[in-house]
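# A structural walkthrough
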Amino acid sequence: ALLNQANAAGPRATFNYDNRAATFSIRTGPSLANANSASSVTYTLTYGGATATTLIPGNISLSTTGSANCIIGVSAAIPTSTVTLTGCSGDGTVGISVVANTASDAAGNQAPAAGPSATFVVDNTLPAVTCAAPAGNAQGFGWYQSSDLPLDLSTAMTCADGAGSGCNAPSKLCAYAADGVTFGSFGACSQVWAESSTVAGSKFKIQEADLAGNVGVSALCTVNVDLTTPPVPTFSAQPPLNDSNTS
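Procedures and definitions
- Numbering of residues begins from 1 in every chain and follows the order in which that chain's sequence is written.
- Local features are withheld for residues below a pLDDT of 70 in this predicted model, meaning they are given only at 70 or higher, and side-chain atom pairs are given and counted only at 80 or more; totals for whole chains, interfaces and linings count all residues.
- Only hydrogens and water are removed before side-chain values are computed, so all heavy atoms of the structure are retained for them.
- When the sulfur atoms of two cysteines come within 2.5 Å, that pair is taken as a disulfide.
- Each helix is a run of DSSP H or I of at least 4 residues and each strand a run of E of at least 2, with the numbering of both proceeding from the N terminus.
- We call a residue buried when its accessible area falls under 20% of the maximum for its residue type, exposed when it is over 50%, and partly exposed in between, using a 1.4 Å probe and counting protein chains only.
- In this scheme Phe, Tyr and Trp rings, the latter by its six-membered ring, pair at centre separations within 6.5 Å, and the angle between planes marks the pair as stacked below 30 degrees, edge-to-face above 60, and tilted otherwise.

### Thoughts on the state of the cysteines
The tally for this structure, following the rule as stated, stands at 3 disulfides. Each sulfur of the disulfide joining Cys70 and Cys88 lies 2.1 Å from the other. Taking the torsion about the sulfur-sulfur bond, which here is approximately 110°, the covalent link between Cys70 and Cys88 counts as right-handed. On the criterion of sequence distance, the pair formed by Cys70 in strand β6 (residues 69-75) and Cys88 in strand β7 (residues 80-89) is long-range, its members being 18 residues apart. For the residue pair Cys70 and Cys88, the accessibility class agrees, reading buried in each case.

Structure, rendered in structure tokens:
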């Protein structure tokens, strides 16, 4: 009898087995430490091993404190996507978190969730800028004399920012008005303005921004300077002689 032999088989078809999820992280951000409604704050998201992303604004949640809130926008791409926060309102802090499954690799493995991120301060409250006596050798009742000039008017104020970002001292600017009504443009706070009259006064306003960019302006401030040296006393007649000195 004849024996039938089996034919050889193979090689088998192969396939790649991949059950590792695509990596994902919030790589950088926030781009600003302090922001107001005019600011744009960005976070950078990085996907590793992913080939496609489905990231949309609805995948981003905000972690907030106080009354802070922002509008969320995204620019989705592989390997780097960007989350942009604009139109931030209120006062407080904001950070972001990203849900899982916003990107996948060729095998269909999904990216994990990421966050919460680092936060930034949202400050939409103007700083309170108030007048104060400038540093110097003030005489009685807040008056200065010509020998005290020039006065540093950048010290003639106080600034308080209760919304959290803090006052930005280098941003101080002054505007002057000789008549106390018509003010020039804000510029560097230099020295006291003094007209060439008997009694001169410096009338000005000071503005200062907070670290979020909100600008506060003081009310009218005045520094009084007396430019006239008191006259030497004169006598109209000789004082009477003391009888005890007469013989």
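### Brief notes about the packing of aromatic side chains
Enumeration over the complete set of coordinates arrives at 2 aromatic pairs. Each ring, one from Phe24 and one from Tyr47, has its centre 4.5 Å from the other, and the planes form 10°; the classification is stacked. Taken together, the positions of Phe24 in strand β1 (residues 23-28) and Tyr47 in strand β3 (residues 40-48) put the pair 23 residues apart, joining distant regions of the chain. When the centroid spacing of 6.4 Å and the interplanar angle of 45° are considered together, the rings of Tyr176 and Phe204 count as tilted.

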